[in-house]
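# Descriptive structure summary
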Amino acid sequence: MISTVCWVPRDRLRAVPQSAGITPEQMAQAVAREQGRNNKDQEGPSEMEQEPRSNGNGGDVKSRGGGGQRGFIDDLDLDNYDKEDEGVHMVLGATNLTVFRDNTDDPYITVDDPDIESDEEDAVIRPTDFVLLAGHTEQEYSAAEVHVFDKAQSSIYVHHDIVLPSFPLALEYLSDGDVKSSERKNLVAVGTFEPGIEIWDLDVVGGIEPVATLGGRNAPPPPSSSSFGSKKKRGGGGLKDSIFGKIKKGSHRMGVMSLSWNRHNRAHLASGSADRTLKCWDLSKQKCLSTYTHHKNKVQCVQWNPKEAFFLLSGGYDQRCACLDVRDQKSTKYFQVDGEVQDVSWNPSNPAIFVASTDKGSLIFYDVRKTSSSSSSSGKGKRANASKPLCTIGAHDGEASSVAFSCRYPHLVASASTDQTVKLWDLSSKPVCLDRKDLNIGQIFSMSLNEEDPDILGAGGDQGKVAVWDIMTSKAVAAKYGGARGGGGGGKK
């Protein structure tokens, strides 16, 4: 399945990624980490792993299609195998591929390839290419895939991938230098079921270790006869810490479900976790600056305000959103919704307005200026905010897994759902659904509008495929917004 997607700004990645030079020390560290992971698998599933994601109809995602031959045939969907919608481009995830630097090194290729020049062109990421990152998992294999989309040729393919140690829950592009600097590194922060946030280099192929890890666990101590069989009660982590290593100071204690990079203060990364906390990290020092505990359940989504550097929006399974000023936690504002929050998005054209999507299929809009502050973060039975939402839309039959405002068209909102559809909404007056699209990728878990070309929408679903849709191929959208294509919409900086 594709669990998360995010766009990379154009003309940032190396045209040809460099190959990683793996030292014996790095290999030994990787082997040690894998052994610790195997021990964890033997111990049993974690709290998060025991709660499979719902398909929006009361069932586990993994149960799709049922069992036996009938279920297998249903999953193949042979009646629609060659169906291709206008403006939609898809690619299957590339898992467990063996890649050779040169075809002459491949023992299975015995004749010259007449299309070798075309293959070499595909290996180069051009300045005009769009790049979409996707978290892909198949059985025990997880990776962050780098998908390249050529809009002119209407083609998309997996350029390379980064093998991950655990199921990816969140991806966020980072840059640690000036945009025009030759020394700039292009990085991706990855949140997984593990408590640490791993940072990988997107310009390196074949790496086995991240360039940095925020939080996580210390290396486990060497085994000794006194480590096992003791009946003495241990404090803290006990036997678990002795096997996997102790949680580092400042780290999350459970999986990291959401990430957001502050583009006004490029050293700051926000993270939300299943441990109910929100954290702000200093990337330059690789340390936690602040921990916020105003949510009472898992923090599913987090997003910095696009215009105000100190305001952070979050949503959780406690059925509310919170707008936090990181300079003064006491001024946090709370907004009640009708279910578990799945995603949030600020309106770039009016950064006081945001939308939240929920597991009930709703889109709920709020203005942060029209509510009162509350120093209390408690609470069942206590009203979370003093104002009503600006608007509520019953958008989907399944959970509304993703939502995004367009940065070019102020009144356009896109939403995606486990009901397998993407919908485009016009809010210029009364909310109207301009179009809906089944992208043929199954239940949609993640969707994102490109910031440099907001006509392009990328999404991933439970069938392990990525789809890209040019929303201007929709007649209704083109009729409403086609004349505004030349305006607005800046990319990430």
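Thresholds applied
Residues numbered from 1 in each chain as written. Predicted model: local features only at pLDDT ≥ 70, side-chain atom pairs only at ≥ 80, totals over all residues. Heavy atoms only, no water. Helix = DSSP H or I, 4+ residues; strand = E, 2+ residues; numbered from the N terminus. Buried < 20%, exposed > 50% of the residue type's maximum accessible area, 1.4 Å probe, protein only. Contact = heavy atoms within 4.5 Å. Areas by Shrake-Rupley, 256 points an atom, 1.4 Å probe, with all protein chains shown as cover. Pairing = 2+ DSSP bridges. Axes fitted to C-alpha atoms, helices over the stretch in contact; angles between N-to-C directions. Salt bridge = Lys/Arg side-chain N within 4 Å of Asp/Glu carboxyl O. Phe/Tyr/Trp six-rings, centres within 6.5 Å; stacked < 30°, edge-to-face > 60°. Polar contact = N/O pair within 3.5 Å; in protein donor to acceptor, adjacent residues only side chain to side chain.

A word on the overall build of the protein. Each helix and strand counted, the protein has five helices and 30 strands in total. Counting only residues that meet the buried cut, the protein has 49% of its 493 residues in that class. The long-range fraction of contacts in the protein, counting pairs at least 24 apart against all pairs at least 6 apart in sequence, stands at 55%. Counting only carbon and sulfur atoms, one obtains 48% of the accessible surface of the protein, whose full area is about 24300 Å².

Moving on, we get to the sheet that holds strand S12 (residues 256-261). With respect to topology, four strands assemble into an open sheet ordered S12-S13-S14-S15, the strand pairing being antiparallel. Each of the sheet's edge strands pairs with one partner strand only, and the pair in question is S12 and strand S15 (287-292). Each strand of the sheet is rotated relative to its neighbour by a mean of 25 degrees, with strand direction disregarded. Note: strand S13 (residues 268-273) against strand S14 (residues 278-282), five bridges, orientation antiparallel. Note that in S14 the partner of Ser-271 across the bridge is Lys-279.

Take Val-204: it is sitting in strand S10 (residues 204-205). Judged by its relative accessible area of 16%, Val-204 falls in the buried class. For the pair Val-204 and Leu-13, spaced 191 residues apart in sequence, the C-alpha to C-alpha distance is 10.0 Å. Look past the residues within four positions of Val-204 in its chain and what remains in contact with it is Pro-17, Gln-18 and Ala-20.

Structurally, Ser-166 can be placed in the loop between strand S6 (155-164) and strand S7 (168-175). Residue classification places Ser-166 among the buried positions, given a relative accessible area of 9%. For Ser-166, the contacting residues outside a window of four places in its chain are Ser-142, Thr-192, Phe-193 and Glu-194.

Next up on the list: unusual backbone geometry. Although it is not a glycine, Gln-139 sits at a positive phi angle of roughly 55 degrees. Inspection of the secondary structure puts Gln-139 in the loop between strand S4 (130-138) and strand S5 (141-150). Here the phi dihedral of Arg-276 falls at roughly 80 degrees; this positive angle occurs in a residue that is not glycine. Secondary-structure assignment places Arg-276 in the loop between S13 and S14. Using a relative accessible area of 45% as the deciding quantity, one classes Arg-276 as partly exposed.

Across all of its chains, the model carries nine salt bridges by this definition. Of the charged contacts in the structure, one is a salt bridge between Asp-318 and Arg-320, with a shortest N-O distance of 3.4 Å. Among the residues examined, Arg-320 registers a relative accessible area of 6% and is labelled buried. Put simply, Asp-426 and Lys-480 hold a salt bridge, and the shortest N to O gap is 3.8 Å. Here Asp-426 is found in strand S26 (residues 421-426), whereas its partner Lys-480 is found in helix H5 (residues 475-481), with 54 residues between them in sequence. Judged by its relative accessible area of 43%, Lys-480 falls in the partly exposed class.

Take the packing of aromatic side chains next. Scanning the entire structure with this criterion turns up 10 aromatic pairs. Between Tyr-173 and Trp-261 the ring centres are 6.3 Å apart and the planes differ by 80 degrees, which places this aromatic pair in the edge-to-face class. Within this pair, whereas Tyr-173 is found in strand S7, its partner Trp-261 is found in strand S12, the two being separated by 88 residues in sequence. Ring geometry for Phe-335 and Phe-354: centres 5.2 Å apart, planes at 75 degrees, overall edge-to-face. Taken as a pair, Phe-335 in strand S19 (residues 328-336) and Phe-354 in strand S21 (residues 353-358) lie far apart in primary sequence, 19 residues in all. Each residue in the set Phe-335, Trp-346, Phe-354 and Tyr-366 is aromatic and connected to the rest through ring pairs, giving one cluster.

For the rest of this paragraph, the subject is the sheet that holds strand S16 (residues 299-304). Strands sit in the order S16-S17-S18-S19 across an open sheet of four strands; the sheet is antiparallel. A single partner strand is all that each edge strand has here, and the edge strands are S16 and S19. Taken pair by pair, the neighbouring strands of this sheet meet at an average axis angle of 20 degrees, ignoring direction. Pairing between S16 and strand S17 (residues 311-316): five bridges, direction antiparallel. Paired with Cys-301 across the two strands is Gly-315, which belongs to S17.

A few words on the pairing of strand S25 (residues 412-416). Among the five residues in S25, five count as buried, and that is most of the element. On S25, burial covers both faces: Leu-412, Ala-414 and Ala-416 on one face and Val-413 and Ser-415 on the other are all buried. Sheet topology note: the strand S24 (residues 402-405)/S25 ladder contains four bridges and is antiparallel. If you follow Phe-405 over to S25, its bridge partner there is Val-413. Counting the residues between successive antiparallel strands, the hairpin from S24 to S25 contains six residues.

Here the focus is the environment of Asp-438. With respect to the secondary-structure elements, Asp-438 resides in strand S27 (residues 432-438). Owing to a relative accessible area of 30%, Asp-438 belongs among the partly exposed residues under this scheme. In the structure, Asp-438 is positioned 16 residues away from Val-422 in sequence and 6.5 Å away in space, judged by C-alpha atoms. In terms of polar contacts, Asp-438 uses its side chain to reach the backbone amide nitrogen of Asn-440, at 2.9 Å.

Attention now moves to the environment of Ser-417. As for its placement among the helices and strands, Ser-417 is situated in the loop between S25 and S26. C-alpha separation for the pair Ser-417 and Met-447, spaced 30 residues apart in sequence, amounts to 9.0 Å. A distance of 2.9 Å separates a polar side-chain atom of Ser-417 from the backbone oxygen of Glu-399.

Buried residues dominate S13, accounting for six of its six residues. Residues His-268, Ala-270 and Gly-272 of S13 are buried on one face, and the alternating residues Leu-269, Ser-271 and Ser-273, pointing to the opposite face, are buried as well. Linking two consecutive strands that pair antiparallel, namely S12 and S13, is a turn of six residues. Between S13 and S14, which pair antiparallel one after the other, the connecting turn spans four residues, and Arg-276 there sits at a positive phi close to 80 degrees.

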